[in-house]
Amino acid sequence: AAYAARRADYSAALSCVEQALIQSPERLDALYAKAFYLFNLDMYTQAAKICEDILNKKFPDAAALKLLGKCRAKLQDAAGAIAAFSMVPESDADRKKTQVICADILFSKQAYLEAAKIYESEGYRERLLEAAKALAHSGESEKSLNCCQNCRSLMKNRAYGRLQIWLLAKRTKQRGIF
């Protein structure tokens, strides 16, 4: 199976793993491999089901949670993807990446403020700036300004400075000061 997978022949790898599962149907590593190969064959629903089965037997399983999140994202189940990624243990090496994926999903669903909070907590300054811009352009200038002010390290960024000046001008105009 590993040889076939290295050659990106996921159909052959899946056949090998299915043969192994006939001998030992409860092997979690083989079940995960099957889910992984199904995912790579664009069979997201089946892969997600296997990940759920793994998680029913062993929770939390970081690899299964991450793959489940990816499957749900591919299936356009944003809430399910975020739920799976959010359960990845903090001790996992990919935890930060999974949180940023959650923020990206939120951003794509126009939940800019929620995305900005995650970008800020994970230190993704450029994406935080994009969330602030999106908030500003969606008419949420106060939230955008607050978002910008929460990340002082952006002060040196010229794009941030221009955005903050634009927001302040917009807020001043809305309040009828000028």
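What comes next concerns the included structure. Computed from a prediction, not measured in an experiment: that's the story for all the values here.

### Considerations on the overall build of the protein
- If you tally the helices and strands in the protein, you get 11 helices and 0 strands.
- Listing each helix as α and each strand as β along the protein from the N terminus yields α-α-α-α-α-α-α-α-α-α-α.
- Of the roughly 10300 Å² of accessible surface on the protein, a fraction of 52% belongs to carbon and sulfur atoms.

### Re the state of the cysteines
- Per the counting criterion, the structure on display carries 0 disulfides.
- Cysteine Cys-71 shares no disulfide, and the gap to the nearest cysteine sulfur, in Cys-51, comes to 5.1 Å.

### Focus: unusual backbone geometry
- Cis geometry marks the peptide bond from Phe-59 to Pro-60, where omega comes out at -5 degrees.
- Residue placement: Pro-60 occurs in the loop between helix 4 (44-57) and helix 5 (62-74).
- The backbone of Ala-8 shows a phi angle near 60 degrees, a positive value even though the residue is not glycine.
- Inspection of the secondary structure puts Ala-8 in the loop between helix 1 (2-6) and helix 2 (10-23).
- Since its relative accessible area comes to 48%, Ala-8 is described here as partly exposed.
- Even without a glycine there, the phi angle at Asp-42 is positive, about 65 degrees.
- Relative to the helices and strands, Asp-42 is located in the loop between helix 3 (28-40) and helix 4.

Reading guide: rules and limits
Residues numbered from 1 in each chain as written. Predicted model: local features only at pLDDT ≥ 70, side-chain atom pairs only at ≥ 80, totals over all residues. Heavy atoms only, no water. Helix = DSSP H or I, 4+ residues; strand = E, 2+ residues; numbered from the N terminus. Areas by Shrake-Rupley, 256 points an atom, 1.4 Å probe, with all protein chains shown as cover. Disulfide = S-S within 2.5 Å. Buried < 20%, exposed > 50% of the residue type's maximum accessible area, 1.4 Å probe, protein only.

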